[in-house]
Amino acid sequence: MNTVNRRFSVAPMMDWTDAHCRYFLRLISKRALLYSEMVTTGALIHGDSARFLRHADCEHPVALQLGGSNPADLAICTKMAEVAGFDEVNLNVGCPSDRVQNNMIGACLMAHPQLVTDCVKHMQDAVQIPVTVKHRIGINGRDSYAELCDFVGSVQEAGCTSFTVHARIAILEGLSPKENRDIPPLRYDIAAQLKKDFPDLELILNGGIKTLEECTEHLQTFDGVMIGREAYHNPWLLSKVDHQLFGDAQLEITRTSILEQLRPYLVEHMAQGGKAPHITRHILGLAQGFPGARRFRQLLSADIYKTDEPMRIYDKAVEGLEGR
Ligand SMILES: Cc1cc2nc3c(=O)[nH]c(=O)nc-3n(C[C@H](O)[C@H](O)[C@H](O)COP(=O)(O)O)c2cc1C
């Protein structure tokens, strides 16, 4: 059963889309599907699983992204995610980092469609929640359209019905993960062809999308859009998602009201021994494009590290935004 609405999602991003970040983003949009950072099966099975699975009730709809290629381990982790309350599990077949390639995780798996198919099958058999795949349009040496169709067709046979495609290839040698998000050209046309050739699949487009106008345009062709960097650097973008992309009534929210709602969460985090910047580092982009943005960033990314009274700095930052 697939009841998750993927019309608009915020991409999984290591070190960025942790539980604090998702809590903050959820204050801005009720409808965006939020993805966790990638968690490897090894970390989840042998590490501090409670930490990786932690999320707040208000985060839903929220998906856990897994990295791995051992079908049995992936099945165990998918079950753990379901029990923990996640709405979806996504398998990472798009990350190009060397570190993960050595462990057969991420984009290198595009060269092994049968293994991915096997993984997805085991994952799905273990749970009721949907299992989805996030992938590239190819990898170097295996970037023909026929190979892409072979990959998607094979994984579809395992029963996967939702694919998120980052519309550029990954170059597995010579480029850093960051370069791999910018240098290989975006090929929305290839993703669109994929949707044409697999009309029954839910296809979510990812890569380089920056505005809701672009989202609306892509939604003519695709079933959903996923935004990564722009959502993190300019989270206020999400304030119009529920209205413009889901047709909900536009709520009267302001950036100040978001920060007021975040305040008790921050206080609670610190009461439990956490540090304010764990949370405030994710909200620096909120003032982007508005007067006072520099001061807001300065207070919450530098001053807050040096003070014994982080809430005073926080309030000062919020005051600086008042009225906007
Ligand atoms: C800091 C950072 C970390 C990322 N970590 C992951 C990850 O854990 N899993 C994943 O599938 N993609 C990861 N990505 C890739 C994004 O999910 C997305 O595919 C990519 O940024 C392209 O979308 P965008 O142009 O909207 O940012 C990461 C991207 C960034 C910027």
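Residues numbered from 1 in each chain as written. Predicted model: local features only at pLDDT ≥ 70, side-chain atom pairs only at ≥ 80, totals over all residues. Heavy atoms only, no water.

**Brief notes about the sheet that holds strand β2 (residues 33–40)**
Okay, step 1: Within the closed barrel, the 8 strands sit side by side as β1-β2-β3-β4-β5-β6-β7-β8. Their pairing is parallel. Pairwise comparison of adjacent strand axes, ignoring direction, gives a mean angle of 30° for this sheet.
Okay, step 2: Where β2 meets strand β3 (residues 62–67), 5 bridges bridge the pair, whose relative direction is parallel. What sits directly across from T40, in β3, is G67. (Pairing = 2+ DSSP bridges. Helix = DSSP H or I, 4+ residues; strand = E, 2+ residues; numbered from the N terminus. Axes fitted to C-alpha atoms, helices over the stretch in contact; angles between N-to-C directions.)

**Concerning the site of the ligand**
Okay, step 1: Residues in contact with the ligand amount to 17 residues; listed here are only the nearest, Q65, N206, G208, G228 and R229.
Okay, step 2: The separation between a nitrogen atom of the ligand and a polar side-chain atom of N92 is 3.2 Å. (Near = heavy atom within 4 Å. Polar contact = N/O pair within 3.5 Å; in protein donor to acceptor, adjacent residues only side chain to side chain.)

**What to know about the environment of P130**
Okay, step 1: Inspection of the secondary structure assignment puts P130 in the loop between α6 (113–126) and β5 (131–136).
Okay, step 2: Sequence separation between P130 and I171 is 41 residues, and the spatial gap between their C-alpha atoms is 29 Å.

**Concerning the pairing of β3**
Okay, step 1: Burial analysis of β3 places 6 of its 6 residues in the buried class, the great majority of the element.
Okay, step 2: Side chains of β3 alternate between two faces, with V62, L64 and L66 and A63, Q65 and G67 buried alike.
Okay, step 3: Here β3 runs beside strand β4 (residues 88–93); their pairing, made up of 4 bridges, is parallel. Residue A63 lies in a different strand from β4, and its bridge partner there is E88.
Okay, step 4: For the handedness criterion, the β-α-β arrangement of β3, helix α4 (residues 71–84) and β4 is classed as right-handed. (Buried < 20%, exposed > 50% of the residue type's maximum accessible area, 1.4 Å probe, protein only. Right-handed = clockwise from strand over helix to strand, strands pointing away.)

**Points about the packing of aromatic side chains**
Okay, step 1: Evaluated as defined, the whole model comprises 2 aromatic pairs.
Okay, step 2: Taking the centre distance of 4.3 Å and the plane angle of 15° together, the rings of W16 and Y232 count as stacked. Of the two residues, W16 sits in the loop between β1 (8–10) and α1 (19–28) while Y232 sits in helix α10 (residues 229–233), which places them 216 residues apart along the sequence.
Okay, step 3: Note on Y23 and Y265: the rings are 3.8 Å apart at their centroids and 15° apart in plane angle, and the pair reads as stacked. With a gap of 242 residues between them, Y23 in helix α1 and Y265 in helix α12 (residues 255–271) connect regions that are remote in the sequence.
Okay, step 4: The exposure class of Y23 is buried, given its relative accessible area of 17%.
Okay, step 5: Across the ring face of F52, the terminal group of R51 is positioned such that the distance to the ring centre comes to 4.7 Å.
Okay, step 6: Positioned above the aromatic ring of F290 is the side chain of R255, whose terminal nitrogen or guanidinium carbon lies 3.6 Å from the ring centre. (Phe/Tyr/Trp six-rings, centres within 6.5 Å; stacked < 30°, edge-to-face > 60°. Lys NZ or Arg CZ within 6 Å of the ring centre and 35° of its normal.)

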